[in-house]
Amino acid sequence: MESHVVCNRCGTRLAPRKSDAVEWPAGNSYVGSCTECGQRLKFRTQLLTPARPRPVFQLQFSVNGIEYLLPDPDPQMSVLDWLELQDGLRGSKRMCQEGGCGACTVALSRKDALSAEIVTRGITSCLYPLSSLQYGDCITTTEGLGSSRSKGFHPIQAKLAGHNGSQCGFCSPGMVMNMYSLLKENPSPTSQDIEDCFDGNLCRCTGYRGILDGMQTFSGGISPTDLEDISRVQCSSCPVTRDLCPRVVSVHPHWYLPTTLSDVFLLLEKYKAAGVAVVAGGTGRGVFKDQPSVQAYVDIKGLHDLYSVKVHNNVLTFGSAVTLSGMVSALEKHQQSGLTAQKFNKLASHIRKVASGPVRNVGTWAGNLMLTHDHDNFPSDLHTILTAAGASLTVVRGSVKTSYTMDKFLEVGMDGKLITSLTIPFEDSTEQFLTYKVMPRHQNAHAYVNAGFSMKMKKKGSTVVDSAVVVAYGGIGTHTIRATRTETFLKGKDMADQVTLKGSLDLLSAEVTPDAPPAAASAAYRKSLALALFYKFYLSVLGDRVSKQLQSAAAELMRPVSRGHESYDTDSSKYPLTQPIPKLAAKLQASGEAEYVGDIPPQRGELRGAFAITSQGNAAIKSLTDVKKALSMPGVVQIISSSNIPANGSNILVDMAQQPLFAEKESEYAGQPLLLVLADTQAHADAAARVVDATYESHGKPIVTLQEAVKAYSFFPSGESTPIKIGNPDEALKKSVHHVSGQVSGGPQYHFTMETECCLAVPTEEGLTIYSSCRGAKACQAVVAGVTGLSTNRILVETRRCGGAFGSKSKGASHVAAATALSALAMKRPVRVVVDLESQMQMFGVRTPVMAKYEVGFDDSGKIEVIVADVYCGYGWAAAIRPVRGIGANLDNAYSISNWHLKLTGCKMNTPASENCRSPVQFPAVYLIESIIDHVASALHKSPEEVRFANLYQRNQISLAGQKLLYCNISKLWQTLLKSCNFEQREKEVLSYNVANRWKKRSLAVVPLRYGLKWHSHRTVLVVIYAEDGTVAITHGGVEFGQGANTKVAQVAAYELGIGLDMISVRPSNSFTSPNGGLDGGSTTTELNCVACVIACKALNSRIEPIRAHLPKATWKEVISVCGKKGIDLSAKSWVDMPKSPNGPEQYEAYGVTCSEVEIDVLTGEMQIDRVDLLYDCGESMNPMIDVGQVQGAFVMGLGYLLTERLIRDSDSGQLLTKNTWEYKPPSSKDIPIDFRISLEKNIPNPLGVLGAKAVGEPPICMSLSVFLAVRRAIECARSQFKHNSVVTIDAPATPEVIQQGCAVDLSHFTL
């Protein structure tokens, strides 16, 4: 008798059972059905049933309608890991590997365990285990929806592209699949549903407005024809692997899919010594990447009873396999009863703030609770709110079931045990229940503090507390805490009595003692926040019994569905120039066809690399540790270090301020590269690299902040920063009627490109071909040549596109390319390095932090007469860039100030050498001067708008940098915007609102911008016309990374040649066709390439014109055909080196004005941007759609710097603590303005620019300062009502902590 048989359809291992055998008519055989998939099977034995417990030896699932059967799957492989290995399935993108960015989102369709219906949900493929896929599961990726090569583009792809929702494009496939998953779940979503569903998708380029506008077109539904069901198998000859040979026992752990609880406990017992993990959604590894070693994974998805949701005796019970999304649905379903409306609705609303939709779709409530059970540093919202809800858990071990309260659960040893259910009691008619979550941004962030409050009153409507009081907090300690003394005090008390409020607050203040984790908000803020949340709940219970002025405390900030409005003009006579069209590659980006470096198909023999980095800054490296251990790990092939550099090469990187490729003797900062681990897969390389470290001898405490550097006089040589002195500042200070002095600082900012640094180096007969995500082939080529010793003519660098840059993708990209190239030469085989997010954030530089200590003299009107300031800039450990002089020279922004004395200092710190970041000079300069202007206005008790207008530049004045402002129109733009945004009326409305509401404050701020643009570096463009069909190919000296360079160059070429855009293709840039160029940056690269394109096209036109004149009625194709036959050269190359402007250091100025309105919650520090009106002088835009998108994206990136993004380092080691999406928070789609109005000023072509246009990539980031200053003014308003000094200086970022602490709230203000 056979011991087992493998089903030839689903791969389940089956073993004999002696009942229900059916004899096969042909003879000594039997027939039966596989109990997993139903396949009819013929055997020489009895009917078979699954052998229990047996590992999963093969998987069967489908992707985009094609079935796959995979033998011996690796349990540690994610769905994304597998997709990246498949041809034609690389659209889903890898970025954070934490479920925090959404770039990897795909749709999973599977049979629901309870309803047996097929349901589709978006999932994060970077976290979802491949082995967790079951028979019948279907994965859909963006390639399955549509493409240019098959059935055309899907409406979602087309709408995203058509609304300019794809700039760099790296996030676009995830956006598409997130929307697709929503429509499969809900074919007729509301506008709110659509806006809510993008809580897990990040985009650095677009500012989200174009994405949301495109997706909102599906509000109300999409036709079944458009939303085609591709879950079915679409081809009859599917490439299914079928191999039923006996399996060799794998070296990786086993994956089990038991179908009974007894099987689960057998496995837990069997593997308790070797290591075992219970798996449901697998999302926990997004937070805790270094998982303990296990030999078995036990997947509980086969236990259908654990999916149950039941109502019995006024209790709602959830099985432990119910996902967070499933929990939300059940709570919302059962809130229809009046008894449960408030409680269940609040629980559902709060759970929607946990993680993101794709994570909630697979992560279970039980898994969330186990994370906080097993990890002191996991802040579980769920545990806190379920504690307040009076929930209890059932925990099973073998046949023993035990019920635990949420408090007691944390004390239970869970080895060999399993959570099976959760019960939540229905809401009592006398119960008051509320929960709160205050977090760094509006979506997908863990809480500063979360809270749950519950109590039963004497009777409905009574203010007297009866019993069952719960005051629970998360974010105060390692786990949820209960304020038990406060709970006891409140029983029997009348909450309408001020004595009750004071007594409870006094007790609560004594009970709440926050801990102090290094990356957390301050203990002072979290304590104040805990008390404020209790006060909010207290007032909510009392309702309209408290004074109207205080009632706003109880209400949360309500954010409606956001909207945008754009206004601009075009000139149809010049089309396609000035025509508002999407990027040429936008649909390819949305469909996943656009190829990035990481998408290039694997090369034969390719190795993957990962950097090992230092863990201690400002220390000598004594020896490397665990190198042998890394070499012995699975898949590791070799380790590359400075010892592999050829004799004619160098470990010092060219033009990078003496930075080494690999640290040898000194670790200047924590995160410095030590070596490169090479392995067969990226996962193996990453794992081995994390093992390697070094032993250190400290030189002292590292300097990790700009303030520390200034205090320690840690400066680069003073000769680098000659002071700027204009007029007679000393005399002007003496004569000024008024003076203020102060200090303002702005922190660093990580670029947060969706594509991390990556490179593929391929040895060739010429030398090396480097495919790099860099924005400048020349610099990359030079660095690679310097390290490898190869001559530059043997190194070809090519970049098709980058997934964002914002000033990065230069020095970091060259560093990665050099290590990759060195490895390829050493191993004589292709090597690819895709740097993981955490390593990238630790290795490479960020925006320079800045600080100014200033003194200002001014008159009664607010006219500033003199500014004297010490300006400091943090360069990191090496001065690879030196922006402090540029910051000083641009400190005037739009203001005419006669006298200046600026001392400029670059500071040395034990951090990575700073990198340019979007507007590296003007943005910090504008930030500093606008903060100073606000200080002046506060000192005079004048409106900041009045002071700003009094100081504006006029035409033909000379700027601080020496630029003659020939076409200055800032005063006109100022007056135009104030009128169009109805500023005066809105200012009155804000004043009335603030008088009526103590705990909510609104504010307006208007900020001008003058931005000098320089033409820098050389640009080469090659234009080729093909005689066969007249089509045109262009390669230019720039790189497309979202700014629309390729599209604008193509528009210019089409305009100059007089042909359609469909005739033009833009080819990748490389160091052969565009040699000796510069880095893309400064916002002017696109227009310089357009200049070169114009010159090349004019050269071609001059050759073509005689033929065209001879054949006046001939088509373009016919004219070109004749040119080809006559031997006319149909290619032209143009090299551009623009002359310096005679009017000063800048070619021209861009101007703009912004008005922003914000609202803050004084008690919590939360804020929202109610409206932004932005007017920008873009000249005659070459493409208004692209330019508006650049304005939106730059503005929102500025919001990140000013409001949400913090970089925090450990003070002892210098290690970066905010090194991932768990801790670092760029803006999400609900952090943008609710009402976002953008106008490009009309009828003002730029006489000093290219084709009448002005640059737009960087200047609008400065315009986001209007939001920051509106927040500051709201804080001043809050302080004034408490009789505090209303003059306040806040430093960026203005996080909720900064806002709340700035408002100076204390217990004495909490009244009824």
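Residues numbered from 1 in each chain as written. Predicted model: local features only at pLDDT ≥ 70, side-chain atom pairs only at ≥ 80, totals over all residues. Heavy atoms only, no water.

Secondary structure summary: the protein contains 36 helices and 48 strands in total. Taken against the 2.2 N^0.38 rule, which gives 34 Å for 1312 residues, the C-alpha radius of gyration of the protein at 32 Å falls within 12% of a compact globule. Counting only C-alpha atoms and orienting by the principal axes, one finds that the protein spans roughly 95 × 90 × 70 Å. Every one of the 1312 residues in the protein was classed for burial, and the buried ones make up 62%. Within the protein, residue pairs in contact and separated by at least 24 positions form 76% of the contacts whose partners lie at least 6 positions apart. In the structure as shown, the protein presents an accessible area of about 47,100 Å², 50% of it carried by carbon and sulfur atoms. The centroid of the 130 positive side-chain charges in the protein is displaced by 1 Å from the centroid of its 124 negative side-chain charges. (Helix = DSSP H or I, 4+ residues; strand = E, 2+ residues; numbered from the N terminus. Rg over C-alpha atoms; globule rule 2.2 N^0.38 Å. Buried < 20%, exposed > 50% of the residue type's maximum accessible area, 1.4 Å probe, protein only. Contact = heavy atoms within 4.5 Å. Areas by Shrake-Rupley, 256 points an atom, 1.4 Å probe, with all protein chains shown as cover. Lys, Arg positive; Asp, Glu negative; His and termini not counted. Charge placed at Lys NZ, Arg CZ, Asp CG, Glu CD.)

Once that is clear, we can look at the confidence of the model for the protein. Atomic detail in the predicted coordinates should be set aside for any region of low pLDDT. Summing up the model confidence of the protein, the mean pLDDT is 92 and the portion of residues at 70 or higher is 93%. This stretch, residues 18–27, has a pLDDT under 50; its non-local contacts, to residues over four places away or in other chains, come to 15 contacts. (pLDDT = per-residue confidence, 0-100.)

Scanning the entire structure with this criterion turns up 30 aromatic pairs. With a centroid separation of 5.7 Å and an interplanar angle of 85 degrees, the aromatic rings of phenylalanine 453 and tyrosine 473 are classed as edge-to-face. With phenylalanine 453 in strand 21 (residues 449–457) and tyrosine 473 in strand 22 (residues 465–474), this pair connects stretches of sequence that are 20 residues apart. On the basis of relative accessibility, which here comes to 0%, the residue phenylalanine 453 falls in the buried class. Joined through ring pairs, the aromatic side chains of Tyr436, Phe453, Tyr473, Phe534, Phe537 and Tyr538 make up one cluster. For the cation-ring pair, arginine 847 lies above tyrosine 1201, with the distance from its terminal atom to the ring centre recorded as 5.4 Å. Positioned above the aromatic ring of tyrosine 993 is the side chain of arginine 1002, whose terminal nitrogen or guanidinium carbon lies 3.7 Å from the ring centre. (Phe/Tyr/Trp six-rings, centres within 6.5 Å; stacked < 30°, edge-to-face > 60°. Lys NZ or Arg CZ within 6 Å of the ring centre and 35° of its normal.)

To continue, consider the pairing of strand 29 (residues 673–679). With respect to burial, strand 29 is a largely interior element, 7 of its 7 residues being buried. With 6 bridges connecting them, strand 25 (residues 607–613) and strand 29 associate as antiparallel partners. Note that in strand 29 the partner of glycine 609 across the bridge is leucine 678. As defined by bridge partners, strand 27 (residues 636–640) adjoins strand 29 across 4 bridges and the pair is classed as antiparallel. Each bridged residue has a counterpart across the sheet, and for glutamine 638 the counterpart in strand 29 is leucine 678. (Pairing = 2+ DSSP bridges.)

What the 3 strands build is an open sheet, ordered 12-14-13; its pairing is parallel. Of all the strands in the sheet, just strand 12 (254–256) and strand 13 (276–279) have a single pairing partner and so form its edges. Adjacent strand axes in the sheet meet at a mean angle of 20 degrees when their direction is disregarded. Sheet analysis places strand 12 next to strand 14 (residues 296–299), joined by 3 bridges and oriented parallel. Residue histidine 254 lies in a different strand from strand 14, and its bridge partner there is alanine 296. Taken strand by strand, helix 7 (residues 261–270) contacts strand 12, strand 13 and strand 14, and its axis lies near 150 degrees from that of strand 13. (Axes fitted to C-alpha atoms, helices over the stretch in contact; angles between N-to-C directions.)

Along strand 22, 7 of the 10 residues are buried, which leaves the element largely enclosed by surrounding structure. Pairing of strand 21 with strand 22, which is carried by 7 bridges, proceeds in the antiparallel orientation. Along strand 22, the bridge assignment pairs asparagine 450 with glycine 474. Pairing between strand 22 and strand 23 (residues 481–482): 2 bridges, direction antiparallel.

Turning to the state of the cysteines, a few remarks are in order. Inspection of every chain in the model, using the stated rule, returns 0 disulfides. Cysteine cysteine 759 remains unbridged, with the sulfur of cysteine 780 as its closest cysteine sulfur at 6.2 Å. No disulfide involves cysteine 780; its sulfur sits 4.4 Å from the nearest other cysteine sulfur, which is in cysteine 774. By relative accessible area, cysteine 780 is classed as buried at 0%. (Disulfide = S-S within 2.5 Å.)

So, about the environment of threonine 799. Tracing the backbone shows threonine 799 in strand 35 (residues 795–799). Look at threonine 799 and you get buried, because its relative accessible area is 4%. Look past the residues within four positions of threonine 799 in its chain and what remains in contact with it is Ser772, Cys774, Val1039, Pro1068 and Ser1069. Polar side-chain contacts of threonine 799 include one of 2.7 Å to the backbone oxygen of serine 772. (Polar contact = N/O pair within 3.5 Å; in protein donor to acceptor, adjacent residues only side chain to side chain.)

If charged atoms from side chains of opposite charge come close, those side chains can pair. The full count for this structure, using the stated rule, is 58 salt bridges. Between lysine 809 and glutamate 755 there is a salt bridge whose closest N-O contact spans 2.9 Å. With lysine 809 in the loop between strand 35 and helix 23 (811–827) and glutamate 755 in the loop between strand 32 (738–746) and strand 33 (758–763), the pair connects residues that are 54 residues apart, well separated along the chain. For glutamate 755, a relative accessible area of 2% gives the class buried. We note a salt bridge from arginine 1272 to glutamate 1276, for which the minimum N-O separation is 3.0 Å. Residue arginine 1272 and its partner glutamate 1276 are both found in helix 35 (residues 1265–1281); the two are separated by 4 residues, about one turn of the helix. With respect to class, arginine 1272 is no different from glutamate 1276; both count as buried. Members of the salt-bridge network, linked through shared partners, are Glu930, Asp934, Arg948, Arg1272 and Glu1276. (Salt bridge = Lys/Arg side-chain N within 4 Å of Asp/Glu carboxyl O.)

A few words now on the side chain of histidine 1036. With respect to the helices, strands and loops of the structure, histidine 1036 is situated in strand 42 (residues 1032–1036). According to the relative accessible area criterion, histidine 1036 is buried, its value standing at 1%. A polar contact is formed between the side chain of histidine 1036 and the side chain of asparagine 1046, at a distance of 2.7 Å. Look past the residues within four positions of histidine 1036 in its chain and what remains in contact with it is Thr1020, Val1021, Ala1045, Asn1046, Val1049, Val1066, Ser1069, Ser1074 and Asn1089.

With an omega of 10 degrees, the peptide bond between tyrosine 575 and proline 576 qualifies as cis. Summarising the element assignment, proline 576 is placed in the loop between strand 24 (563–567) and helix 17 (586–590). With an omega dihedral of 5 degrees, the bond running from alanine 1292 to proline 1293 counts as a cis peptide bond. The phi angle at tyrosine 713 is positive, at roughly 55 degrees, despite the residue not being glycine.

A few words now on the sheet that holds strand 23. With antiparallel pairing, the 4 strands of this open sheet are ordered in space as 20-21-22-23. Looking at which strands have only one partner, the edges of the open sheet turn out to be strand 20 (431–438) and strand 23. In this sheet, strand 21 lies alongside strand 20 in antiparallel orientation, the contact comprising 8 bridges. Across the sheet, the residue bridging to phenylalanine 433 is serine 454, located in strand 21.

Time to look at the environment of tyrosine 404. If you trace the backbone, tyrosine 404 turns up in strand 18 (residues 400–405). Counting along the chain gives 549 residues from tyrosine 404 to tyrosine 953, while the straight-line C-alpha distance between them is 70 Å.

Before going further, it helps to spend a moment on the nonpolar core. Of all hydrophobic cores here, the largest spans 233 residues; its most connected members are Tyr473 and Trp999. Looking at this core element by element, the count peaks at 13 residues for helix 16 (residues 523–542). (Core = buried A, V, L, I, M, F, W, Y, C linked by side-chain atoms within 4.5 Å.)

Turning our attention to helix 15 (residues 498–511). For helix 15, built from 14 residues, the straight-helix expectation of 20 Å at 1.5 Å per residue is met to within 8% by its first-to-last C-alpha distance of 20 Å. Buried within helix 15 we find Thr500, Leu501, Gly503, Ser504, Leu505, Leu508, Ser509 and Glu511. Against strand 22, strand 23, helix 14 (484–490) and helix 16 lie the buried residues of helix 15. Its side-chain oxygen at 2.9 Å from the backbone nitrogen of valine 499, aspartate 497 defines the N-terminal cap of helix 15. (Expected span 1.5 Å × (residues − 1).)

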